[in-house]
Amino acid sequence: LKHLSVGGAYLLTDSDMAQLVDASTSLKTLECKACPLLSTEFCSAVADSKSLQSLAIEDLPFEETHLKSLGRLSSLTSLRLTRLAGLNDETLVPFLQDELRSLDVSHSQMLTDISLSNIRRFCGPSLKRLMLAGLQSCTATGFEVFFMDSEEMGKAPDLQELDLGRCEHDAITDEVVKGAVTASNGLVKLNLQGSVVLTDSALECIASNAKHSLQKLDVSFCGSITDSGMGHLVDSVGRQFEKLVIWGCAQLTDDFLDGHKRVNDSHFEVVGAWMKKTDMSLPV
C-alpha cells in the first residue's frame, strides 16, 4: 500500500487506523479528513512512518498535544494541515523544512504574521505551492514582508501556485501581489478572492510578470478592479491563460466582458459573469 485516503470515516477507530498505517511500510501518501475518532495512536503511527512523502490532515479533532506528537517528518515534500484547532504559530514550526514543495495551511485561524515569517525562514527555495487561504489573523504588513527579499531570510519564494483567497479583507494589497509575482519566475495559479483593496495596479503587475505562465486567476469579490485593468490583463497574458473567475465583481461591465481580445476564444473561460446587460432584455 503506497497511497491511502480516508474521509468521513466516522466509525474508524484510532487504534485501527494506527494499525493500518503501521502495517503500510511503503506508504508514501496519506490523507485523512473528517475522521473524528483519530487521536494519539494514529499520530504516533504517522510519526514512525519512514517512507511518507505527502501528508494531508483536515478537519480532525487535533489539539496542540496531537500535533506535537507527530514529531518532525523529515521525508515530507507535501504537507496540508487545515481546519485543525491545535495548529498555531508554535505547533506549525516542527513541520516546516527545506524539502517541502507544497504547503497548505488554509483556514487556520490561529496562525499570525509569526507563521508567515517562520515559513520564509524554514522553507527553502524548493517551495512551489503555497496555500494560505482564509488566514484571518495575518496582516498586510506580514504578507508584504513575506514577499520581500532580505539579508536575513534571503530571496522571496519562487512560487508556481499561490492561494491568498478569503484572507482578512484588507490584508492582500497591491504591494503583496507585486511582491509575489515579481519573486516568481512562472506563477501558474493565483487566487486573490475577496481582496477588496486590490486595484488595477496589481493586475498590471500580474500581466507584466506572469504573461507567459499564468493559467488561472481568481479575483472574485475584488470590488476595486475595473474593466480597463481586467481587459489589459486578459489582452496581455498569453494563450496558456485558460480560466478567469470573477464572481461578485458587479463593477465589471460588458465593456470588459464583450471587449477583450479573447471573447471568441474557446480555450479561455470567464466564470462568474452571470448577469450581463446584454442578457437582461425582456421578450416583447
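Cut-off values and rules
- Residues numbered from 1 in each chain as written.
- Predicted model: local features only at pLDDT ≥ 70, side-chain atom pairs only at ≥ 80, totals over all residues.
- Heavy atoms only, no water.
- Helix = DSSP H or I, 4+ residues; strand = E, 2+ residues; numbered from the N terminus.
- Buried < 20%, exposed > 50% of the residue type's maximum accessible area, 1.4 Å probe, protein only.
- Contact = heavy atoms within 4.5 Å.
- Disulfide = S-S within 2.5 Å.
- Pairing = 2+ DSSP bridges.
- Axes fitted to C-alpha atoms, helices over the stretch in contact; angles between N-to-C directions.
- Polar contact = N/O pair within 3.5 Å; in protein donor to acceptor, adjacent residues only side chain to side chain.

**Here we look at the environment of Asp59**
No. 1: Position of Asp59 relative to the elements: it lies in the loop between β3 (54-58) and α3 (64-69).
No. 2: The exposure class assigned to Asp59 is partly exposed, which follows from its relative accessible area of 42%.
No. 3: For the pair formed by Asp59 and Ala47, sequence separation is twelve residues and the distance between their alpha carbons is 19 Å.
No. 4: Residues within four places of Asp59 in sequence aside, it is in contact with Ala34, Cys35, Thr82, Arg83 and Leu84.

**A look at the state of the cysteines**
No. 1: By the definition in use, this model includes zero disulfides.
No. 2: Here Cys222 is not disulfide-linked; the sulfur of Cys249 is the nearest cysteine sulfur, at 5.8 Å.
No. 3: Here Cys249 falls in the buried class, since its relative accessible area comes to 7%.

**Regarding the sheet that holds strand β4 (residues 78-82)**
Pairing between the strands of a sheet comes from backbone hydrogen bonds, and it takes one of two forms, parallel or antiparallel.
No. 1: The sheet built from eleven strands is open, its strands ordered β1-β2-β3-β4-β5-β6-β7-β8-β9-β10-β11 with parallel pairing. The sheet is open, and its two edges are formed by β1 (3-7) and β11 (269-271), each paired on a single side. Direction aside, neighbouring strands of the sheet carry axes that sit 5° apart on average.
No. 2: Relative to β4, β3 runs parallel, the two sharing five bridges. Within β4, the residue paired with Leu55 across the bridge is Leu79.

**Observations concerning the side chain of His260**
No. 1: Along the polypeptide, His260 turns up in the loop between α10 (254-257) and β11.
No. 2: A polar contact is formed between the side chain of His260 and the backbone nitrogen of Arg262, at a distance of 3.1 Å.
No. 3: Separated by 3.4 Å, the side chain of His260 and the backbone nitrogen of Val263 make a polar contact.
No. 4: Residues contacting His260, with those up to four places away along its chain left out, are Val234, Asp235, Phe268 and Val270.

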